[in-house]
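If you want the building blocks of each chain, they are given just below.
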Amino acid sequence: MSTQIHTLSNGFRIVTEHMPGLASASIGIWVNTGARHETADQNGIAHFLEHMAFKGTERRTALQIAETIEDVGGYINAYTSREVTAYYARVLGADVPLALDVIADILLNPVFDENEIEIERGVILQEIGQSLDTPDDVIFDWLQERAFPAQPLGRPILGPSERVSSFQRPDFQSFVRQHYGPDQMILSAAGMVDHDELARLAENLFGHLTPTPRSPVELGRFAGGDVRQIKSLEQAHFAIAFESPGYQADDIYTAQIYAAALGGGMSSRLFQEIRESRGLCYSIFAQTGAYADTGMITIYAGTSGEQVPELANLTIDEMKRAASDLSPAEIARARAQMKAGLLMGLESPSNRAERLARLLQIWGRIPALEETVERIDSVTTGDVREFAAHLAAHAPAALALYGPVDSAPSFDQLQERRAA
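For clarity, every value in this text was computed on a predicted model and none was experimentally measured.

Broken down by element type, the protein chain carries 16 helices and 11 strands. Against the globule reference of 22 Å for 420 residues, the protein chain gives a C-alpha radius of gyration of 23 Å, in line with a compact fold. Its C-alpha atoms put the protein chain at 65 × 50 × 40 Å along the principal axes. The buried share of the protein chain, taken over its 420 residues, is 52%. When contacts within the protein chain are restricted to residue pairs at least 6 apart in sequence, those whose partners lie at least 24 apart make up 81%.

If you look at the biggest cluster of nonpolar residues, it comprises 49 residues, and the most contacted ones within it are Tyr 258 and Met 319. In this structure, Met 319 is in contact with Phe 242, Tyr 258, Leu 262, Ile 299, Ala 388, Leu 391 and Ala 392, ignoring residues within four places of it in sequence. Counting residues in each nonpolar core, the second largest holds 48 residues, with Leu 49, Met 52, Ala 78 and Ile 124 among its members.

Turning to the packing of helix α9 (residues 252–263) against helix α12 (residues 328–345), a few remarks are in order. Angle between the axes and distance between the axes are the two parameters that describe a pair of packed helices. At a minimum axis separation of 9 Å, α9 and α12 run at an interaxial angle of 110°. The angle between the axes of α9 and α12 places the two elements in the roughly perpendicular class. Counted together, Tyr 253, Gln 256, Ile 257, Ala 260 and Ala 261 of α9 and Glu 330, Ile 331, Ala 334, Arg 335, Gln 337 and Met 338 of α12 form the full contact between these two elements. Per-class residue counts for the contact of α9 with α12 are 7 nonpolar, 2 polar and 2 charged.

Despite not being glycine, Phe 112 has its phi angle at roughly 50°, a positive value. Structurally, the position occupied by Phe 112 is in the loop between α3 (96–108) and α4 (114–132). Although it is not a glycine, Ala 150 adopts a positive phi angle of roughly 55°. Structurally, Ala 150 can be placed in the loop between α5 (135–147) and α6 (161–164). Taking the relative accessible area as the measure of exposure, Ala 150 reaches 72% and is therefore exposed.

Another aspect to go through is the sheet that holds strand β1 (residues 2–7). With mixed pairing, the 6 strands of this open sheet are ordered in space as β1-β2-β6-β3-β5-β4. At either margin of the open sheet sits one strand with a lone partner, and together these are β1 and β4 (75–80). Neighbouring strand axes in the sheet, compared pairwise and without regard to direction, differ in orientation by 15° on average. With 7 bridges connecting them, strand β3 (residues 24–31) and strand β6 (residues 185–191) associate as antiparallel partners. Along β6, the bridge assignment pairs Ser 26 with Ala 190. Contacting β1, β2 (13–18), β3, β4, β5 (85–92) and β6, helix α13 (residues 349–363) crosses the sheet at an angle of about 145° to β6.

Below, the discussion takes up the pairing of strand β10 (residues 295–303). Along β10, 9 of the 9 residues are buried, which leaves the element largely enclosed by surrounding structure. Where strand β8 (residues 236–244) meets β10, 9 bridges bridge the pair, whose relative direction is antiparallel. Its bridge partner being in β10, Ala 241 is matched across the sheet by Thr 298. As paired strands, strand β9 (residues 284–290) and β10 are joined by 7 bridges and run antiparallel to one another. Residue Gln 287 lies in a different strand from β10, and its bridge partner there is Thr 298. The hairpin turn running from β9 into β10, its antiparallel successor, is 4 residues long.

Further remarks concern the packing of aromatic side chains. Using the criterion set out here, one finds 13 aromatic pairs in the structure. Ring geometry for Phe 285 and Tyr 300: centres 5.5 Å apart, planes at 40°, overall tilted. With Phe 285 in strand β9 and Tyr 300 in strand β10, this residue pair connects regions lying 15 residues apart in the sequence. Counting every residue linked through ring pairs, the aromatic cluster contains Phe 48, Phe 112, Phe 167 and Phe 172.

All right, on to the sheet that holds strand β7 (residues 225–230) then. The strands that make up a sheet are held in pairs by hydrogen bonds between backbone atoms, and each pair lies either parallel or antiparallel. Strands sit in the order β7-β11-β8-β10-β9 across an open sheet of 5 strands; the sheet is mixed. Here the strands that pair on one side only, and so sit at the sheet edges, are β7 and β9. Averaged over all neighbouring strand pairs, the angle between strand axes comes to 10°, with direction disregarded. On top of the sheet, α5 reaches β7, β8, β9, β10 and β11 (397–403); it is set at about 150° to β11, its chief contact. Relative to β9, α9 is tilted by about 170°, and along the sheet it contacts β9 and β10.

A separate point is the pattern of salt bridges. Applying the stated criterion to the full structure yields 22 salt bridges. With a closest N to O distance of 3.2 Å, Arg 321 and Asp 325 form a salt bridge. Highlighted residues: Arg 321 and Asp 325, both in helix α11 (residues 308–325), separated by 4 residues, approximately one helical turn. Beyond isolated ion pairs, a larger network of salt bridges with shared partners links Arg 269, Glu 318, Arg 321, Asp 325 and Glu 330.

Before going further, it helps to spend a moment on the pairing of β4. Side chains Ile 76, Ala 78 and Thr 80 project from β4 onto a buried face, and the interleaved Tyr 75, Asn 77 and Tyr 79 project onto a face without burial. Inspection of the sheet shows β4 paired to β5 by 6 bridges, in the antiparallel sense. Within β5, the position partnered with Asn 77 by the bridge is Tyr 88. Hairpin connection of β4 to β5: 4 residues between the antiparallel strands.

Further remarks concern the environment of Ala 400. Within the element layout of this structure, Ala 400 appears in strand β11. Take Ala 400: its relative accessible area is 0%, and that puts it in the buried class. Taking C-alpha positions, Ala 400 is 34 Å from Leu 360, a pair spaced 40 residues apart along the chain. Those residues in contact with Ala 400, other than ones at most four positions away along the chain, are Ile 139, Trp 142, Leu 143, Val 227, His 237, Phe 238 and Ala 239.

Conventions adopted
- Residues numbered from 1 in each chain as written.
- Predicted model: local features only at pLDDT ≥ 70, side-chain atom pairs only at ≥ 80, totals over all residues.
- Heavy atoms only, no water.
- Helix = DSSP H or I, 4+ residues; strand = E, 2+ residues; numbered from the N terminus.
- Rg over C-alpha atoms; globule rule 2.2 N^0.38 Å.
- Buried < 20%, exposed > 50% of the residue type's maximum accessible area, 1.4 Å probe, protein only.
- Contact = heavy atoms within 4.5 Å.
- Core = buried A, V, L, I, M, F, W, Y, C linked by side-chain atoms within 4.5 Å.
- Axes fitted to C-alpha atoms, helices over the stretch in contact; angles between N-to-C directions.
- Parallel < 35°, antiparallel > 145°, perpendicular 65-115°, else oblique.
- Nonpolar A, V, L, I, M, F, W, Y, C, P; charged D, E, K, R; others polar.
- Pairing = 2+ DSSP bridges.
- Phe/Tyr/Trp six-rings, centres within 6.5 Å; stacked < 30°, edge-to-face > 60°.
- Salt bridge = Lys/Arg side-chain N within 4 Å of Asp/Glu carboxyl O.

Structure representation (structure tokens):
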């Protein structure tokens, strides 16, 4: 398999990887724009815009967009994150040009019909309502806001209902002009793809666009603090986060290995001690989240109200214990999980296309797989213990609690336990 990169004169980038033996391909455009690129008044517009892209263009109705892809047996979708908006399709190899034409059409020629805006506004308001009614969804938005208060990085991707209710056609047009320049887009494809053909098609579709100057993104500042909402629910939801490296930091792989060893699977410390040994919860996990300039390690669990104090205190205790006695076997297992997850993911053209786009956005190049594996393998037990010690005692923290959490320890009490 060979990776090829080409850049148009206006900064638009194309990256492809041919995967022999596949009959299909995944193709998409990743735009270097997400919720953190919004102003406070724009919060939610990146996600709303992603929805509107499928609501009709100058050439196709919303139904025709769907039918064009589904008539050839493919599918098309999109997502918005805090740093990226992606529009992608999966089709048979012969239909890659068609898929690219549809994706280009929805990006370059949206009509933003006012009736469709009102219809989709209702859909998104329902999506927001559903999120607010889902405790193990909304608690992560609260945690993000406490970690990065009054900052773009701390705002919810869906946006608040009052902002979503106010967006009009000129708002979408302005956001596109600001953030959808060719130099902010990457066309990525993997599977049965022809790089030279895609580069030629991209030149025809995107080569006329003018680069768009971008304002600097406000850097994330992990402030921390706590939020809790007492409500009569069946479960108490506990989430705690700690400042950790961004994805360009030297110790990002150390952070990922630590999170895997602490709470990344059934053999992890949190799962074994808190669920298996004590039966305090059904679900508990730790995960890393990384951005361009910062990141956070998050631990989440759901339990009964009366067991929240024990669960919260045990979580801090396990973090502190990991700093002194994480074993080489645990680190080796976490490394193996990371490498296996990476390699298994690469068997999917969709995962591979997304990985190519994200690596090109982050590094401006595609690091060899061997380079990534080498960086994972280079993390030592001492590295992880040192990282664990810093996280347990010194890293800024944020806490979110939701449900019957009357008896939960306060943020200050957990901070004192960390320092003890």
